[in-house]
Amino acid sequence: MENVLMLSSNKYGLVKQAFIISEQDNAIIPNFQRLMIMKNPPTEVQKILTSYHMVMITKPFELPVHLNNIAQK
């Protein structure tokens, strides 16, 4: 028997979503990041202006600040 996961706004929408735009990302360019945001709007969007694709490596002290700000909302 196959279990099919049915996503709805009632199920999927229960978890708040956040997106942190990495402005210097060359792997997933900022315009594509914005398109992903438009296609699946999160609850919160923040930017890290001088970060690259691996934000946790390029901005290891700034990323937790943004994550904490998101968690506090």
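Of the positions making up helix H2 (residues 30-39), those classed as buried are Pro30, Gln33 and Ile37. Seen along its axis, H2 keeps its buried residues to an arc of 55 degrees; they face one direction. Residues of H2 that are exposed and point more than 90 degrees away from the buried face comprise Asn31, Met38 and Lys39. Its buried side turned inward, H2 meets strand E1 (18-22) and strand E2 (44-48).

Moving on, we get to helix H4 (residues 62-72). Where H4 is concerned, the buried positions are Leu63, His66 and Ile70. Seen along its axis, H4 keeps its buried residues to an arc of 65 degrees; they face one direction. Along H4, exposed side chains directed more than 90 degrees from the buried face belong to Ala71 and Gln72. In this structure, the buried side of H4 is in contact with E1, E2 and helix H3 (55-58).

One recurring pattern in soluble globular proteins: nonpolar side chains tend to sit buried together. Grouped together as the largest cluster of nonpolar side chains are 5 residues: Ile20, Ile48, Val55, Leu63 and Ile70. Discounting residues that sit within four places of it in the chain, Ile20 has contacts with Gln33, Gln46, Ile48, Leu63, His66, Leu67 and Ile70.

One pass over the structure, following the stated rule, counts 2 salt bridges. Between Glu44 and Lys73 there is a salt bridge whose closest N-O contact spans 3.0 Å. Taken together, the residues span a long stretch of sequence, with Glu44 in strand E2 and Lys73 in the segment after H4 at a distance of 29 residues.

With that settled, the discussion passes to a nonpolar patch on the surface. A grouping of Ile29, Phe32, Leu35, Met36 and Met38 is seen on the molecular surface, where their side chains present a nonpolar patch of about 470 Å² in accessible area. Looking at where Ile29 falls in the secondary structure, it is placed in the loop between E1 and H2. Assessed through its relative accessible area of 45%, Ile29 is described here as partly exposed.

Locating Asn31 in the fold gives a position in helix H2. Put simply, Asn31 and Lys47 are 16 residues apart on the chain and 13 Å apart in space, counted from C-alpha to C-alpha.

Cut-off values and rules
- Residues numbered from 1 in each chain as written.
- Predicted model: local features only at pLDDT ≥ 70, side-chain atom pairs only at ≥ 80, totals over all residues.
- Heavy atoms only, no water.
- Buried < 20%, exposed > 50% of the residue type's maximum accessible area, 1.4 Å probe, protein only.
- Helix = DSSP H or I, 4+ residues; strand = E, 2+ residues; numbered from the N terminus.
- Arc of directions from axis to C-beta.
- Contact = heavy atoms within 4.5 Å.
- Core = buried A, V, L, I, M, F, W, Y, C linked by side-chain atoms within 4.5 Å.
- Salt bridge = Lys/Arg side-chain N within 4 Å of Asp/Glu carboxyl O.
- Patch = residues over 30% accessible without salt bridge, like charges linked within 9 Å, V, L, I, M, F, W, Y side chains within 5 Å.
- Areas by Shrake-Rupley, 256 points an atom, 1.4 Å probe, with all protein chains shown as cover.

As far as function goes, none of this settles anything; it's purely spatial.
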